[in-house]
Amino acid sequence: MTGRVAVVTGGTRGIGGAISEALAKNGYQVAANYVGSTDRAKSFQERTGIATFRFDVGDFEASREGVKRIEQELGPVEVLVNNAGITRDGTLHKMSFENWDEVIRTNLTSCFNMCRHVIEGMRDRKFGRIVNIGSVNGQAGQYGQVNYAAAKSGIHGFTKALAQEGAKVNVTVNAVAPGYVNTEMVRAVPDKVLEKIIARIPVGRLGETDDIVRAVLFLVADDADFMTGSTMSVNGGQHMY
Ligand code: NDP
C-alpha cells in the first residue's frame, strides 16, 4: 500500500472517476477534483469514500487554492493525473472564439496550472508522477475539433518538455492517449457517427474506462521511474503512432 497522495482532475466521473477509484483501491490517498456536477461528486464521495474538491482547473488562482486545500487535508501531492477535459466541437469556419478558448483553457492550460502548483514540492521531495490524458484526436487530428486536437496535441509536447525538466529529480511525466472510450463524452456523439468510428477501430469496440486505468496505474507506480516523456496510446489499434 503506497499511501501516496494522488490528485485526479475531473476525477469524479467517466475516465477520471475510474482512475480515482483504482488509485484508492491500490492504496493511494485520492483527491478527486470536479467543477460543476456537485450532486454527482457528492454521491461519488459517499459511494467510494474518496475526498472530492471543487475548483476550475482552467483558472490559475482557483487551481492554486484547490491544491492548497488538498495539501492541507491530505498532505503533499505526489501523483497528479491531469484528466479534466471538455469538447466544444464545430468546424473552424463556424467556431466561436469562446469555444476555442474554453477548450484550450480547460484541456491544456489546466495542465500548466496544476503542474505549476505541485512541481516545486515534487522537485524538493525528489518524487513525482504526472500523467496527462491526451487523445487519439490530438495525435491524428479530427474533423470538427481544431480546438480539441490543438489542446490535446499541446499536451503531448508539454509532456515531453516537462519530462526533461523532471528527469534528474525523479519526477516522471507521461501521457496516455485514449482512443474512443465509452463515457458520456462519447455517448454524446450521434449514433451514426459513432458506428463509423467503431468501424475504424481494429479491435471492433469502444474502449472501456478500465482500459485507460491500466495504463495510468502502470505510469504512476514508484518503480516506473525509467519511463518518462512517453505517450501510451490505448486506442484499440485505431491509430498506430
Ligand atoms: P467526461 O465528460 O465524462 O468527464 C469530464 C470530467 O472533467 C468531469 O469530471 C468534469 O467535471 C471535469 N471537468 C471539466 N471541466 C473542468 C474544469 N474546468 N475543472 C475541473 N474539472 C473539469 O469525460 P471523459 O471521462 O470521457 O474524458 C476524460 C478525459 O479523457 C478528457 O480529458 C478527455 O478529453 C479525454 N479523452 C476521452 C476520450 C473518450 O473517448 N471519452 C477519448 C480521448 C481522450 P464535472 O463532473 O464537474 O462536470
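Counting restarts for each chain, with residues numbered from 1 along the sequence as it is written. Selection of residues for local features in this predicted model requires a pLDDT of at least 70, selection of side-chain atom pairs for listing and counting requires 80 or more, and totals for whole chains, interfaces and linings are taken over all residues. Computation of side-chain values covers all heavy atoms of the structure but excludes hydrogens and water.

What to know about the overall build of the protein chain
Point 1. Going along the chain from the N terminus, every DSSP run of H or I of four or more residues is numbered as a helix, and every run of E of two or more is numbered as a strand. From N to C terminus, the protein chain includes 9 helices and 7 strands.
Point 2. Over its C-alpha atoms the protein chain spans a radius of gyration of 17 Å, differing by no more than 12% from the 18 Å that the globule rule assigns to 241 residues.
Point 3. Its C-alpha atoms give the protein chain principal-axis dimensions of about 50 × 40 × 35 Å.
Point 4. Throughout this description, buried means an accessible area under 20% of the type-specific maximum (1.4 Å probe, protein chains only), exposed means over 50%, and partly exposed covers the range between. Across the 241 residues in the protein chain, those meeting the buried criterion constitute 50%.
Point 5. Residue contacts follow a heavy-atom distance rule, with two residues in contact if any of their heavy atoms lie within 4.5 Å. Across the protein chain, the fraction of contacts at a sequence separation of at least 24, relative to all contacts at a separation of at least 6, is 70%.
Point 6. Where accessible areas are quoted, they stem from the Shrake-Rupley method and a 1.4 Å probe; at the residue level, only the protein chains shown are allowed to cover. Carbon and sulfur atoms form 52% of the exposed surface of the protein chain, whose accessible area is close to 11600 Å². C-alpha atoms define the radius of gyration, and 2.2 Å times the number of residues to the power 0.38 defines the globule rule.

Let's talk about a nonpolar patch on the surface
Point 1. Without a salt bridge and with relative accessible area above 30%, a residue can belong to a patch; like charges are then joined within 9 Å and nonpolar side chains (Val, Leu, Ile, Met, Phe, Trp, Tyr) within 5 Å. The working definition used for a salt bridge is a side-chain nitrogen of Lys or Arg within 4 Å of a carboxyl oxygen of Asp or Glu. Residues Leu-92, Phe-97, Trp-100 and Val-146 make up a contiguous nonpolar surface patch of roughly 410 Å² in combined accessible area.
Point 2. Structurally, the position occupied by Trp-100 is in helix 4 (residues 97-125).
Point 3. Under the relative-accessibility criterion, Trp-100 is labelled partly exposed at 34%.

Let's talk about the packing of helix 1 (residues 14-25) against helix 9 (residues 209-220)
Point 1. Here an axis means a line fitted to C-alpha atoms, over the contact stretch when the element is a helix, while the angle between two N-to-C directions is reported on a 0 to 180 degree scale. Contact geometry of helix 1 with helix 9 gives a least axis separation of 9 Å together with a crossing angle of 50 degrees. Considering their axes alone, helix 1 and helix 9 lie oblique with respect to each other. In this structure, the crossing between helix 1 and helix 9 has a hand that is right-handed. Contacts between helix 1 and helix 9 involve Gly-14, Ile-15, Ala-18, Ile-19, Ala-22 and Leu-23 from the first element and Thr-209, Ile-212, Val-213, Val-216, Leu-217 and Val-220 from the second.
Point 2. Across the contact of helix 1 with helix 9, the residue classes tally to 10 nonpolar, 2 polar and no charged. An angle below 35 degrees is treated as roughly parallel, one above 145 as roughly antiparallel, one from 65 to 115 as roughly perpendicular, and anything else as oblique. Whether a crossing is left-handed or right-handed is set by the direction in which the near helix is turned from the far one by less than a right angle, anticlockwise for left-handed and clockwise for right-handed. Here the nonpolar group is Ala, Val, Leu, Ile, Met, Phe, Trp, Tyr, Cys and Pro; Asp, Glu, Lys and Arg are the charged ones; every other residue, Gly included, is treated as polar.

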